[in-house]
2 protein chains.
Amino acid sequence: MSTVPTVYDVANRSGVSIATVSRVYRNPDSVRAQTRERVLEAARELGYVPSGNARGLASRTTGVLGLCFPDYSDPDAEDIDAEDDDAAMLYSDQIIRGMERTARRHGYALLIAASLKGGPESLVAKVAGRVDGFAVMARTVPTEELEVISRRQPVVMLAGPREGGDQLDHLDHVEVANADGQRELTRHLIEDHGLRRLAYIGSAEESPDVAARFRGFREACAAADVETDHGPVLRMPMMTQADGASAVDVLADRDGPLPEALVFANDQMAVGALHALQRRGLRVPEDVVVTGFDGIPLGRLVRPALTTVRQPMLKLGEQAAELLVQRLGGGPDREPVSLMLPVTVVRRASCGCGEGEDSGTQLA
Amino acid sequence: MSTVPTVYDVANRSGVSIATVSRVYRNPDSVRAQTRERVLEAARELGYVPSGNARGLASRTTGVLGLCFPDYSDPDAEDIDAEDDDAAMLYSDQIIRGMERTARRHGYALLIAASLKGGPESLVAKVAGRVDGFAVMARTVPTEELEVISRRQPVVMLAGPREGGDQLDHLDHVEVANADGQRELTRHLIEDHGLRRLAYIGSAEESPDVAARFRGFREACAAADVETDHGPVLRMPMMTQADGASAVDVLADRDGPLPEALVFANDQMAVGALHALQRRGLRVPEDVVVTGFDGIPLGRLVRPALTTVRQPMLKLGEQAAELLVQRLGGGPDREPVSLMLPVTVVRRASCGCGEGEDSGTQLA
DNA sequence: ATGAAAGCGCTAACAA
DNA sequence: TTGTTAGCGCTTTCAT
């Protein structure tokens, strides 16, 4: 760990100029084979490794794509995967995988960073300064900051609807058909299962995704002349499993009968609800139907298996990388792109559908 | 995307020196509040974002940890997750997650890069130049290259046994109790299920991990006076699901009865074998017992559920990050650390154990 | 509290 | 083919 060798050291040791050393790494064919060997030999002896920072500074490119996501720490999730790694695969993991894979195919590495919740220094800035372009999961980063950065380098926004007519209009953007999915799932509950007293549990004000889902829910209800409130019946702040369980408690302990169906804005809450209902001796789906949204692996493992809407998170990541690469390579000043990825309604036991294989319907 | 603002632009616009601009970002308290506001204001107007590269160059640190892994493309895996994202979570994903989480806690971001199989430019070099330290999954990188780089910055080797007495002895190193796990699983088959004709399917020469597993297998056999060959009965090159299916074909089509148990060196092959056996009308575990190794999620979803040895991949990633952080912060020239993480034998239906909940035994 | 100036290690013209 | 020479944008003493 003594002193770190640089181009100069290698140049000296091999009797060439630093330019030649540089060439050996960037464009080997532009150097005579014999010279090249001498240089590489010297580099090996010295333990030379080119500094990515210096390279990036000088060439103004990094070969790295970035991904920022929120500090996704559902305490429940922590518990789960302590003993059971696999069930806990979250959104972010799938997105990471999709993005990494695609980035790799294009020769990029991937830098991932989650906002530390106490973190003073702006996350994005840290990432932005080290990559050629990056994706941001919606609401991870203050809009204003994004606006500033996106003047500088390609940014694609993930999974949140484009913020209405805002200043962020010039960003590329990939989202998921939240409303369509929730609408179709709700239609299924109403038409195919004949349910009419549905309760929606979410937290719309915090997330545009959840807002879109609730919109889908209302549309389906309206189409079937089913009454709904203006907003979700219950708003749980974090949408964790614990929140899902609380929702059951609140609903069960108040006057009147339980709704026929609990329509949750995500799977985490739905799973929590399943547990809570079981503890109360209520059967799903006989006594009450439960549905989620997301398609997390856990949803298939719980009993009864959870009916839900599966989001194509892997594709989300892939598309994000693809868009960034396009911007970087081809048209920096092409029109901003906005993609809406289709989701799939997955019917499982918790809505009263058979035990058999999952049955799915894909929706544009 | 016109011109990118720098410290100089911000300095001009706010009427201070570049040093002050720098201070505002690095150490806000060392600047008078009023000045600081002026600078931030100017930065905002200009759309200034500090260049990570320049910063890294000047300060010689990046705040980024790296992870290199092989181009893990099991064609089967691709197929699976096309329709079924969740089952396909691989090793690498878990390691990434563990590492990211721990890195984050220590204020680091994570740079991940998989070797593109045709890739000319050395993967490590690319990563090494951009991070403060990194982890490498065993056999991803030529030993010699690692040796060179590890003189320069902390490197931890993952999941492959330390290459015997080599030049890599000064690297930190985290591995998994492969031999212990396979030994215990094998003992279980022999003692608890009374099996004596066991066939091991792996590919030991390619991977030290598999070698260690086979060693565990032999030890358990020897301890019970069960005969074994010197090497695995079959060596499948890629250890994919297809390979697992082929293994069944080979074993079933040759003379003599099928072994009582097929002990695979990984889950992928075991799952492939399950399918192949089913196609042939053979029942598991009645006609033949099948076991895997790894603990991938898919193993729990197949029928019969797969008995296996679960590796703590998440912890592997966490430990890797932890070791790197320690080296970076504390003792750069402490003795090299070598950790062996415990594994868990997971008994499920494919070995004849009950259908109930998974039963596990953790082994140091 | 702020400024001046010297690098950090590399790439990219432009020469030779 | 190879060498010279400027920077790239920031951090960091050392002054002031």
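These numbers were taken from a predicted model, which means no experiment stands behind them.

A.B. asks: I'd like to hear about the overall build of chain A, residue by residue, with values.
C.D. replies: When helices and strands are counted, chain A shows 14 helices and 13 strands. Relative to its 364 residues, chain A shows a buried fraction of 57%. When contacts within chain A are restricted to residue pairs at least 6 apart in sequence, long-range pairs at least 24 apart make up 66% of them. Put simply, chain A shows about 15,200 Å² of open surface, and 48% of that area lies on carbon and sulfur atoms.

A.B. asks: Just give me the short version of the sheet that holds strand E2 (residues 109-114) of chain A, but keep the residues and values in it.
C.D. replies: Ordered in space as E11(A)-E5(A)-E4(A)-E3(A)-E1(A)-E2(A)-E2(B)-E1(B)-E3(B)-E4(B)-E5(B)-E11(B), the twelve strands form an open sheet in which the pairing is mixed. Since the sheet does not close on itself, it has two edges, and those belong to strand E11 (338-341) of chain A together with strand E11 (338-341) of chain B, each with one partner. Shown here is a sheet whose adjacent strand axes are inclined to one another by a mean of 20°, direction ignored.

A.B. asks: Quick one: what's the story with the protein's contact with DNA strand D, residue by residue and with numbers?
C.D. replies: Around DNA strand D sit 27 residues, and of these Arg 23 and Thr 35 of chain A together with Val 7, Ser 22 and Tyr 48 of chain B come closest. Contacts to DNA strand D include Ser 17 of chain A, whose backbone N or O atom sits 2.9 Å from a phosphate oxygen. A distance of 2.7 Å separates a phosphate oxygen of DNA strand D from a polar side-chain atom of Thr 20 of chain A. For the surface near DNA strand D, the elements supplying multiple residues, two or more each, are helix H2 (18-26) and helix H4 (52-59) of chain A together with helix H1 (7-14), helix H2 (18-26) and helix H4 (52-59) of chain B.

A.B. asks: Please set out the relation of the copies chain B and chain A residue by residue, giving values where relevant.
C.D. replies: Between the two copies of the chain lies a relationship made up of a rotation around an axis and a movement along it. For these two chains of identical sequence, chain B goes onto chain A by a turn of 180° and a shift of 0.1 Å along the axis, with RMSD 0.2 Å. Here the symmetry operator amounts to a two-fold rotation axis. Comparing contact sets, 100% of the residues at the interface of chain B also lie at the interface in chain A, consistent with an isologous, same-surface contact.

A.B. asks: Please set out the interface of chain B and chain A residue by residue, giving values where relevant.
C.D. replies: Interface size is often expressed as the accessible area that is lost when the parts come together. Taken together, the 69 residues of chain B in the interface contact 69 residues of chain A. The junction of chain B with chain A conceals about 5,900 Å² of combined surface from both sides, 51% of it contributed by carbon and sulfur atoms. In this structure, Arg 97 of chain A and Asp 93 of chain B form a salt bridge, with 3.0 Å as the shortest nitrogen-oxygen distance. The interface formed by chain B and chain A includes 19 residue pairs in polar contact (both at pLDDT 80 or more). Per element, the largest residue contribution to the side of chain B that touches chain A is seven residues, and it comes from helix H6 (residues 91-105) of chain B. Its residues assigned to classes, the side of chain B that touches chain A comprises 32 nonpolar, 14 polar and 23 charged.

A.B. asks: Talk me through helix H10 (residues 208-223) of chain B; I want residue IDs and the actual numbers.
C.D. replies: Residues and elements named next belong to chain B. The end-to-end C-alpha distance of H10 is 22 Å, a good match for the 22 Å that 16 residues give at a rise of 1.5 Å each. By the burial criterion, the buried members of H10 are Pro 208, Asp 209, Val 210, Ala 212, Arg 213, Phe 214, Gly 216, Phe 217, Ala 220 and Cys 221. Of the surrounding secondary structure, the elements contacted by the buried residues of H10 are H6, helix H9 (178-192), strand E6 (198-202) and strand E8 (261-264).

A.B. asks: Help me get a handle on the UniProt feature "domain: HTH lacI-type" (unreviewed entry) in chain A, residues and values and all.
C.D. replies: Cross-referencing UniProt, the feature "domain: HTH lacI-type" (unreviewed entry) maps to residues 5-59 of chain A in the present numbering. The span residues 5-59 of chain A is 71% helix and 0% strand, and its two end C-alpha atoms sit 20 Å from each other.

A.B. asks: For the state of the cysteines, give the residues involved together with the corresponding values.
C.D. replies: Residue and element names in this part refer to chain A. If you walk through the whole model with that rule in mind, you get zero disulfides over all chains. Unpaired in terms of disulfides, Cys 353 finds its nearest cysteine sulfur in Cys 351, a separation of 3.6 Å. According to the relative accessible area criterion, Cys 353 is buried, its value standing at 17%.

A.B. asks: Account for the protein's contact with DNA strand C, with residues named and values stated.
C.D. replies: In the vicinity of DNA strand C there are 28 residues, among which Val 7, Ser 22 and Tyr 48 of chain A together with Arg 23 and Thr 35 of chain B approach most closely. Of everything in DNA strand C that lies within 4 Å of the protein, sugar and phosphate atoms constitute 65%. Arg 55 of chain A places a side-chain nitrogen or oxygen 2.7 Å from a phosphate oxygen of DNA strand C. Within the side chain of Thr 35 of chain B, an N or O atom sits 2.4 Å from a phosphate oxygen of DNA strand C. Contributions of two or more residues to the surface near DNA strand C are made by helix H1 (7-14), H2 and H4 of chain A together with H2 and H4 of chain B. Residue composition of the surface near DNA strand C, grouped by class: 14 nonpolar, eight polar and six charged.

A.B. asks: So, the side chain of Thr 35 of chain B: which residues are in play, and what are the values?
C.D. replies: Relative to the helices and strands, Thr 35 of chain B resides in helix H3 (residues 33-46). Classification of Thr 35 of chain B by relative accessible area gives buried; the value is 11%.

A.B. asks: Summarise the pattern of salt bridges; cite the residues concerned and give the values.
C.D. replies: Considering all chains together, one arrives at 38 salt bridges over all chains under this definition. One salt-bridge network, in which partners are shared between bridges, spans Glu 184, Arg 187, Glu 191, Asp 192 and Arg 347 of chain A.

A.B. asks: Explain the environment of Gln 94 of chain A residue by residue, including any values.
C.D. replies: By the element assignment, Gln 94 of chain A lies in helix H6 (residues 91-105). Using a relative accessible area of 7% as the deciding quantity, one classes Gln 94 of chain A as buried.

A.B. asks: Talk me through the pairing of strand E6 (residues 198-202) of chain A; I want residue IDs and the actual numbers.
C.D. replies: Residue and element names in this part refer to chain A. Within E6, five of the five residues are buried, leaving the element largely enclosed by the surrounding structure. Residues Leu 198, Tyr 200 and Gly 202 line one face of E6 and the alternating positions Ala 199 and Ile 201 line the opposite face, and both faces are buried. With four bridges joining them, E6 and strand E8 (residues 261-264) adopt parallel strand pairing. If you follow Ala 199 over to E8, its bridge partner there is Leu 262. One ladder, built from two bridges, connects E6 with strand E7 (residues 234-235); its direction is parallel. Each bridged residue has a counterpart across the sheet, and for Gly 202 the counterpart in E7 is Arg 235.

A.B. asks: Report on the nonpolar core, specifying residues and quantitative values.
C.D. replies: Formed by 68 residues in total, the largest nonpolar core has its most connected members in Leu 67, Leu 158 and Leu 316 of chain A together with Leu 67, Leu 158 and Leu 316 of chain B. Sequence-distant contacts of Leu 158 of chain B, defined by excluding residues within four places in its chain, comprise Leu 67, Ile 95, Ala 135, Val 136, Met 137, Ala 138, Val 174, Leu 316 and Ala 320 of chain B. Residues Leu 198, Leu 258, Leu 262 and Leu 274 of chain A belong to the second largest nonpolar core, which totals 43 residues.

A.B. asks: Give a description of the packing of aromatic side chains that names residues and reports values.
C.D. replies: With the rule as written, the count across this model stands at eight aromatic pairs over all chains. A network of ring pairs unites the aromatic residues Tyr 200, Phe 214 and Phe 217 of chain A as a single cluster.

A.B. asks: Can you break down the sheet that holds E6 of chain B residue by residue, with the values?
C.D. replies: Residue and element names in this part refer to chain B. Ordered by their spatial adjacency, four strands build an open sheet running E7-E6-E8-E9, and the pairing between neighbours is parallel. The sheet is open, and its two borders are formed by strand E7 (234-235) and strand E9 (289-291), each paired with just one other strand. Along the sheet, H9 contacts E6, E8 and E9; its crossing angle with E8, the most-contacted strand, is approximately 175°. Relative to the sheet, helix H11 (residues 241-253) contacts E6, E7 and E8, its axis offset from that of E8 by approximately 145°.

A.B. asks: Kindly report on unusual backbone geometry, identifying the contributing residues and their values.
C.D. replies: All names here are of chain B. Look at the link from Val 284 to Pro 285: it is a cis peptide, with omega at 10°. For Pro 285, the position within the fold is in the loop between helix H12 (267-279) and E9. Cis geometry marks the peptide bond from Arg 303 to Pro 304, where omega comes out at -10°. Notably, Arg 60 is not glycine yet its phi reads approximately 65°, a positive angle. Note on placement: Arg 60 falls in the loop between H4 and strand E1 (64-69). Of note, Met 239 is a non-glycine position whose phi angle comes to about 60°, a positive value. Here Met 239 lies in the loop between E7 and H11. Its relative accessible area of 14% is what places Met 239 among the buried residues.

Rules of the game
Residues numbered from 1 in each chain as written. Chains lettered and ligands numbered in written order. Predicted model: local features only at pLDDT ≥ 70, side-chain atom pairs only at ≥ 80, totals over all residues. Heavy atoms only, no water. Helix = DSSP H or I, 4+ residues; strand = E, 2+ residues; numbered from the N terminus. Buried < 20%, exposed > 50% of the residue type's maximum accessible area, 1.4 Å probe, protein only. Contact = heavy atoms within 4.5 Å. Areas by Shrake-Rupley, 256 points an atom, 1.4 Å probe, with all protein chains shown as cover. Pairing = 2+ DSSP bridges. Axes fitted to C-alpha atoms, helices over the stretch in contact; angles between N-to-C directions. Near = heavy atom within 4 Å. Polar contact = N/O pair within 3.5 Å; in protein donor to acceptor, adjacent residues only side chain to side chain. Least-squares fit on C-alpha atoms with pLDDT ≥ 70 in both. Buried area = accessible area lost by both parts, 1.4 Å probe. Salt bridge = Lys/Arg side-chain N within 4 Å of Asp/Glu carboxyl O. Nonpolar A, V, L, I, M, F, W, Y, C, P; charged D, E, K, R; others polar. Expected span 1.5 Å × (residues − 1). UniProt positions renumbered as here; feature names shortened; annotations may be inferred. Disulfide = S-S within 2.5 Å. Core = buried A, V, L, I, M, F, W, Y, C linked by side-chain atoms within 4.5 Å. Phe/Tyr/Trp six-rings, centres within 6.5 Å; stacked < 30°, edge-to-face > 60°.

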